[in-house]
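Inside the fold
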Amino acid sequence: MKKILSLILSVAFVLSAFVGCAPTEQAPTVSNKISLCNFEQFEPDFQLIRVVDGFGSVSVNKDEQFVKEGNVSAKLQPLGDYSAKTRPVMYIPLESKRFDYDYKNLLNYESISMWVYNTEDDYKSMEMGFVTGQNDLYSVTKTFGKNVSLKPGWNRVVYYPDHSLLNISSDVTSYLGFYLSFDHVHSRDVDDAPVYYVDDIVLSKAEKTVEVENIVTFDEGEIVDWEKDYQLNVFNLTPTNPALLPEVQVVNGVDVGVTPSSGERMLKVVTKPGEKLNGSYPGFVIVDKVMQMSGFKNITMGDWANWEICFDVYAENTDITLFAEFYGSSNLFQTRKVHGVTAKKGKWVTLRKSFTDFLTVNIEDPGRFVLCYAEDPSPIQKVFYFDNFRFEKVA
């Protein structure tokens, strides 16, 4: 019953963004500061909050002990979806036609700040970043955000986004919202959730429009090797069943006890149990901007038989069959063959595919590069690693 009630409340929060009474005035802009949410009024502050991934509870707080400015703050009790083990996410839209504001172009702003009160006795983790799209009523796509450690009591949190880094994998001029995310709690009962209070979320305007720099660089033959810092932001997750999206992060080999096939870092992927065998194909995407800039499209067609696209994969606990899907810039799936490889437990395996295996558009005008696997109802969380995406001349 509590799970059903939580779901109803979550849906109500989402729908409330589209219904209600006549518009009310936004909090005033002071100097270069814009009050995104000070929670002093239900409309628009609480009304527009959206909760996804089984967030838990957001409620009005008037206990002055947990209010930093004014008379009201937001009380957060984040859980996360119990079955899917998702991190709970809440976000605040950066545009509202009803309330006549538009802050979605991040190039106009240099930072976002807020006050967060952690009621727990130990440090807690919070992630913040930007929402790039709404998949459905229960999940969103988002940028890789900034993690902060919240000490017990009040915390002044300021996020200075790296506009150039974010622009690699998303459009920094058209963000849907600003999100906060917390650790998953292994419970369906909101009373088991940690309690946080958030107040006075403020956007700070930039003195002038921020200029985005091109920070993408490549070594010879490199597509992505995870060794450069910008490469933390060159992938997204596939738009499939949100409950099945894997956990994906760049890790150091020494931290996980696996030696990368190249350098010191690699991409770790952890699957989630599915409901139906082969029901969907979750995975991750190397973004089109990186594929376009990496340089293989400059190799002439007459020389394609002499070149291969390659990557390495390592399975930690069980074999798994993977599929590599190449897209053209039109974002339509185009390929001559199924590009599959079986990752073997405890060893690195290399997928090699000749340029001649692809349609012309895949090489001359490439789009995103998708790595996916079949949904599996097995309860085992499969762990595997990717490294050294590259193109090289046939020996």
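Counting restarts for each chain: residues are numbered from 1 in the order of the written sequence. Two thresholds apply to this predicted model, a pLDDT of at least 70 for residue-level local features and 80 or more for giving and counting side-chain atom pairs, whereas whole-chain, interface and lining totals are computed over all residues. Remark: hydrogens and water are excluded; side-chain values derive from all non-hydrogen atoms of the structure.

**Things to note about the overall build of the protein chain**
In terms of regular secondary structure, the protein chain is built from 6 helices and 25 strands. Rg of the C-alpha trace for the protein chain: 23 Å, near the compact-globule value of 21 Å for 395 residues, within the 12% margin. With respect to the principal axes defined by its C-alpha atoms, the protein chain has extents near 70 × 50 × 40 Å. Contacts are residue-level and defined by heavy atoms, with any inter-residue pair within 4.5 Å sufficient. Nonlocal contacts in the protein chain, meaning residues at least 24 apart in sequence, comprise 79% of its contacts between residues at least 6 apart. For the charge count, each Lys or Arg is scored as positive and each Asp or Glu as negative, with His and the chain ends excluded. The location of each charge is read from NZ of Lys, CZ of Arg, CG of Asp or CD of Glu. Computed over 38 positive and 53 negative side-chain charges, the separation of the two mean positions in the protein chain equals 4 Å. A run of H or I in DSSP becomes a helix once it reaches four residues, and a run of E becomes a strand once it reaches two; helices and strands are each numbered from the N terminus. Restricting the calculation to C-alpha atoms gives the radius of gyration, and the globule rule supplies 2.2 Å times the number of residues raised to the power 0.38.

**Structural notes on the environment of Glu 227**
Looking at the element boundaries, Glu 227 is found in the loop between strand E15 (222–224) and strand E16 (235–237). Relative accessible area decides the class of each residue, using a 1.4 Å probe on protein chains only: under 20% of the type maximum gives buried, over 50% gives exposed, and in between gives partly exposed. On the basis of relative accessible area, Glu 227 is assigned to the partly exposed category, the value being 30%. Note: C-alpha distance between Glu 227 and Ser 262 (35 residues apart in sequence) is 8.9 Å. What qualifies as a polar contact is a pair of N or O atoms within 3.5 Å, subject to a donor-acceptor requirement within protein and to the restriction that residues adjacent in sequence count only when both atoms come from side chains. Side-chain polar atoms of Glu 227 contact the backbone nitrogen of Glu 264, separated by 3.0 Å.

**Observations concerning the packing of aromatic side chains**
In this analysis, rings of Phe, Tyr and Trp, with Trp reduced to its six-membered ring, are considered paired at centre separations within 6.5 Å, and the interplanar angle assigns stacked below 30 degrees, edge-to-face beyond 60, and tilted for intermediate values. Using the criterion set out here, one finds 33 aromatic pairs in the structure. Consider the rings of Trp 115 and Trp 154, whose centres lie 6.3 Å apart with planes at 90°: the pair is edge-to-face. Placement of Trp 115 in strand E8 (residues 109–118) and of Trp 154 in strand E12 (residues 153–159) is noted, with a sequence separation of 39 residues between them. Given a relative accessible area of 19%, Trp 154 falls into the buried group. Within the aromatic cluster, the residues linked to one another by ring pairs are Trp 226, Phe 235, Phe 284, Phe 311, Phe 326, Phe 358, Phe 369, Tyr 373, Phe 384, Phe 386 and Phe 389. Above the face of the Trp 115 ring, Lys 68 is positioned so that its terminal group lies 4.3 Å from the ring centre. Criterion for a charge above a ring: Arg CZ or Lys NZ at most 6 Å from the ring centre, at most 35 degrees from the ring normal.

**Some points on the sheet that holds strand E22 (residues 339–343)**
Pairing within the open sheet is antiparallel, and its 5 strands lie in the order E16-E19-E24-E21-E22. Looking at which strands have only one partner, the edges of the open sheet turn out to be E16 and E22. Across the sheet, the axes of successive neighbouring strands diverge by a mean angle of 25°, strand direction being ignored. Pairing of strand E21 (residues 320–328) with strand E24 (residues 366–373), which is carried by 6 bridges, proceeds in the antiparallel orientation. Across the sheet, residue Phe 323 finds its bridge partner in E24, namely Cys 372. In this description, strands pair whenever DSSP reports at least two bridges between them. Axis lines are fitted to C-alpha atoms, over the contacting stretch for helices. Their N-to-C directions set the angle, which ranges from 0 to 180 degrees.

**What to know about the pattern of salt bridges**
We count a salt bridge whenever a side-chain nitrogen from Lys or Arg sits within 4 Å of a carboxyl oxygen from Asp or Glu. According to the stated counting rule, one finds 15 salt bridges in the structure shown. A salt bridge links Asp 319 to Lys 344; the shortest N-O distance between them is 3.8 Å. With Asp 319 in the loop between strand E20 (307–315) and E21 and Lys 344 in the loop between E22 and strand E23 (348–354), this residue pair connects regions lying 25 residues apart in the sequence. Through salt bridges with shared partners, a single network forms among Glu 308, Asp 312, Arg 352, Arg 390 and Glu 392.

**With respect to the environment of Val 172**
Examined against the element boundaries, Val 172 turns out to sit in the loop between helix H3 (163–169) and strand E13 (177–182). On a C-alpha basis, the gap between Val 172 and Lys 104 in space is 8.0 Å, while along the polypeptide they are 68 residues apart. What Val 172 contacts, discounting residues up to four positions off in sequence, is Lys 104, Asn 105, Leu 106, Leu 107, His 163, Leu 166, Asn 167 and Val 212.

**As for the state of the cysteines**
What counts as a disulfide here is a pair of cysteine sulfur atoms lying within 2.5 Å. Tallied over the entire structure, the rule returns 0 disulfides. With no disulfide of its own, Cys 372 lies closest to Cys 310 among cysteine sulfurs, the gap being 19 Å.

**Things to note about the nonpolar core**
Residues belong to one nonpolar core when they are buried, are Ala, Val, Leu, Ile, Met, Phe, Trp, Tyr or Cys, and are joined through side-chain atoms within 4.5 Å. In this structure, Phe 311, Phe 386 and Phe 389 are the most contacted members of the largest nonpolar core, which totals 43 residues. The element that contributes the greatest number of residues to this core is E20, accounting for 5 residues. If you look at the next biggest cluster of nonpolar residues, it comprises 42 residues, including Leu 36, Phe 55, Val 157 and Tyr 196.

**Comments concerning the environment of Val 349**
Within the secondary structure layout, Val 349 lies in strand E23. Looking at Val 349, the relative accessible area reads 17%, which means it is buried. As for Val 349 and Phe 311, which are separated by 38 residues in sequence, their C-alpha atoms are 8.4 Å apart. Apart from the residues lying within four places of it in its own chain, the contact partners of Val 349 are Phe 311, Asp 312, Val 313, Val 341, Thr 342 and Lys 344.

**What about the confidence of the model for the protein chain?**
Predictor confidence is given residue by residue as pLDDT, running from a minimum of 0 to a maximum of 100. With 90% of its residues at a pLDDT of 70 or more, the protein chain has an overall mean of 87. Ranking the elements of the protein chain by mean pLDDT puts helix H1 (residues 2–15) last, at 39, and strand E4 (residues 73–78) first, at 98. Segment residues 1–30 is flagged for pLDDT under 50; beyond a separation of four residues in sequence, or across chains, it makes 45 contacts in the model.

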